[in-house]
There are 2 protein chains.
Amino acid sequence: MTPLAPDPDVLRGLRLFAGLDAAALAETVRSAQTQRVEKGATIFSQGDPATLCHALIDGRVKIVQTGADGQQMVVRYIGPGEMFGTAAVFAGGVYPADALAVADCVAIHWSAAAMGVLMERHPRVAMNALDIVGRRLQEVQTRLREVSTERVERRVAHALLRLARQAGRRVEGGVEIDFPLSRQDIAEMTGTTLHTVSRILSGWEAQGIVEGGRQQVTIRRPHALVAIAEDLPRPLPPA
Amino acid sequence: MTPLAPDPDVLRGLRLFAGLDAAALAETVRSAQTQRVEKGATIFSQGDPATLCHALIDGRVKIVQTGADGQQMVVRYIGPGEMFGTAAVFAGGVYPADALAVADCVAIHWSAAAMGVLMERHPRVAMNALDIVGRRLQEVQTRLREVSTERVERRVAHALLRLARQAGRRVEGGVEIDFPLSRQDIAEMTGTTLHTVSRILSGWEAQGIVEGGRQQVTIRRPHALVAIAEDLPRPLPPA
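All of these numbers come straight from a predicted model, not from anything done at the bench. (Residues numbered from 1 in each chain as written. Chains lettered and ligands numbered in written order. Predicted model: local features only at pLDDT ≥ 70, side-chain atom pairs only at ≥ 80, totals over all residues. Heavy atoms only, no water.)

In this structure's numbering, the residues bearing the UniProt feature "domain: Cyclic nucleotide-binding" (unreviewed entry) are residues 16–105 of chain A. Taken end to end, residues 16–105 of chain A comprises 16% helix and 39% strand; its first and last C-alpha atoms sit 19 Å apart. (UniProt positions renumbered as here; feature names shortened; annotations may be inferred. Helix = DSSP H or I, 4+ residues; strand = E, 2+ residues; numbered from the N terminus.)

As C-alpha cells, then:
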C-alpha cells in the first residue's frame with residue numbers, strides 16, 4: 001500500500017460529501033490519505049480495531065465475514081464511490097469482516113478521529129453517513145428475509161439482480177457483472193452450496209437467461225431473472 | 001394514540017442524546033411528541049412514507065417485514081430506550097417493515113424535518129444515530145451469516161441468547177425473556193418453520209436447558225445454550 005496525496009476532485013463525487021461547499025471539501029482532502037492496493041491484498045481484517053474509514057475510488061473490494069466454524073459469507077461488493085469499514089468505526093469496535101481487493105484498487109481513508117472532527121464541524125457529513133449506513137441496513141434486512149423465507153433459486157436471482165444494479169455494464173445482448181465473480185462467491189452471498197449454484201446457473205444457461213465464464217457472469221434476459229426473483233409467471237424463451 | 005407532553009428526564013436516558021448538555025436536551029424535548037400505544041396496535045406500516053423517527057420509552061415493539069410472497073420475518077424487538085424507524089427516515093424512503101406494539105407502549109417521535117434540524121445544530125445527535133444504526137447493521141450481518149451458514153439449532157440458540165441480552169430478566173433458576181414470545185415468532189426470527197422450532201425447544205426442555213409456556217421462554221441453563229450456539233462440547237446436564 002503506497003500513500004499518495006488525494007485528489008480533491010475525486011472527493012466531490014462521494015455521497016459522503018454531498019452538499020459540502022468548496023471550503024469544507026478542502027478540509028476533507030487535508031485529513032485524507034490515498035493508497036493503492038494490489039489485487040488480492042487485504043485492506044483490513046476481521047477482528048482488527050476499526051481505526052480507519054475507507055472510500056473506494058477505483059477497483060472492487062469484497063467484504064467477507066467468517067464464522068467461528070470457518071464458514072464464510074460475502075457481505076457485499078464495494079464499487080467506486082462507496083464507503084467501507086465506516087459503520088464499524090462509528091459502532092466503535094472491530095471490523096466485523098475482511099476487506100479484500102478483488103481488482104487493483106485506489107482507496108482513500110480517514111482516521112476515526114479525523115472523521116469525527118469533520119462530522120462535528122460539518123453535520124452534513126454525519127447525516128450523509130447515516131443515509132449510507134441506513135440504506136445498507138435496509139438492504140441486509142431484505143437479504144436476511146430472502147435467505148430466511150425464499151427458496152434458493154429466487155435468492156440467487158435476487159443476488160444477481162442486485163449485483164447488476166450495482167456493477168452492471170451494458171454489453172451486446174445483455175448486462176455483464178463487471179468484476180470477477182465465481183460460483184463459490186454467489187454461494188457465499190446466498191447461503192447455499194457451490195453445487196446448488198452450479199445446478200441453478202446451468203439451468204438458466206440452458207434457457208438463455210444467463211451466460212457464465214469461470215469468473216464472469218452476463219445476464220442475457222434480465223426480465224426472465226426478475227420473474228424468477230419475484231415469483232412471477234415466466235416469459236417464454238425466445239423462439 | 002394520544003399525544004402527550006414529553007418528559008425531559010426521559011430523553012436524557014436515550015443513547016441518541018448521549019453527551020448533550022441541558023440546553024440541547026431542552027431543544028430535543030420541544031420538538032418531540034409523546035404517544036401512548038395500546039398492545040396490538042400498529043405504530044407504522046411497511047410501505048408508509050418514513051416521516052417520523054421513534055424512540056420507545058416503555059413497552060415492547062416488534063418490527064416485522066413481509067415479502068411479496070406474504071412470508072414474514074421478525075427483524076427485531078425494540079425495548080425501552082431504543083430507536084425505531086430511524087434508519088428509514090434518513091435513507092429517505094418508506095418504512096421497510098411494520099412496527100407493532102406487543103405490549104402497552106409509551107413512545108416519543110420527531111418529524112424527519114425536526115430531527116434534521118436537531119442534527120444540524122448538534123452533530124453529536126447524528127453521530128449517536130450513526131453508532132446506533134452501525135451496530136444494527138453489524139447485528140443483521142451476523143444474523144445473515146448465521147442463517148446462511150449455520151444449522152437451525154445453532155440459529156435458534158443464537159436468537160434466544162440475543163433476546164436474553166436485550167430483554168432478559170433474572171428469575172429464580174434462570175433468565176426469563178421479558179415479553180410475549182411465541183414459537184412462531186422464533187421461527188420468523190431464524191428462518192425456519194414452527195414445526196422445527198417446536199421440535200428443538202421440546203428437546204431443550206427435556207434437557208432442562210429452557211422452559212417455555214405458550215408465549216413465554218425462560219433460559220434455565222444459559223451456558224448449555226452458549227455451547228450449542230458456538231458449537232462447543234456440551235456441559236453435562238445436572239445430575
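Moving on, we get to the domain arrangement of chain A. Residues and elements named next belong to chain A. Looking at the assigned domains, one finds that chain A contains domain 1 (2–140) and domain 2 (150–229). The centre of domain 1, based on its C-alpha atoms, is set 27 Å off from the matching centre of domain 2. Taken together, the twelve residues of domain 1 in the interface contact eleven residues of domain 2. Taken together, the two surfaces of domain 1 and domain 2 that pack against each other cover about 930 Å², and 51% of this comes from carbon and sulfur. Among the residues of domain 1 in contact with domain 2, R60, V74 and Y77 are the three that bury the most area, contributing 58% of the side total. Taken together, domain 1 and domain 2 are joined by one salt bridge. In this structure, K62 and D185 form a salt bridge, with 2.7 Å as the shortest nitrogen-oxygen distance. Across the domain 1-domain 2 interface, the total number found is five residue pairs in polar contact (both at pLDDT 80 or more). Among the residues making up the side of domain 1 that touches domain 2, the classes are represented as five nonpolar, two polar and five charged. (Domains from an automatic or database assignment. Contact = heavy atoms within 4.5 Å. Buried area = accessible area lost by both parts, 1.4 Å probe. Salt bridge = Lys/Arg side-chain N within 4 Å of Asp/Glu carboxyl O. Polar contact = N/O pair within 3.5 Å; in protein donor to acceptor, adjacent residues only side chain to side chain. Nonpolar A, V, L, I, M, F, W, Y, C, P; charged D, E, K, R; others polar.)

All names here are of chain B. Closest axis-to-axis distance for the helix α6 (residues 152–167)/helix α9 (residues 222–229) pair is 8 Å, and the angle between their directions is 135°. As far as their axial angle goes, α9 and α6 are oblique. Helix-helix and strand crossings are classified by hand; for α6 and α9 the assignment is left-handed. On α9, the residues that touch E153, R154, A157, H158, L160 and L161 of α6 are P222, L225, V226, I228 and A229. (Axes fitted to C-alpha atoms, helices over the stretch in contact; angles between N-to-C directions. Parallel < 35°, antiparallel > 145°, perpendicular 65-115°, else oblique. Left-handed = near helix turned anticlockwise from the far one by under 90°.)

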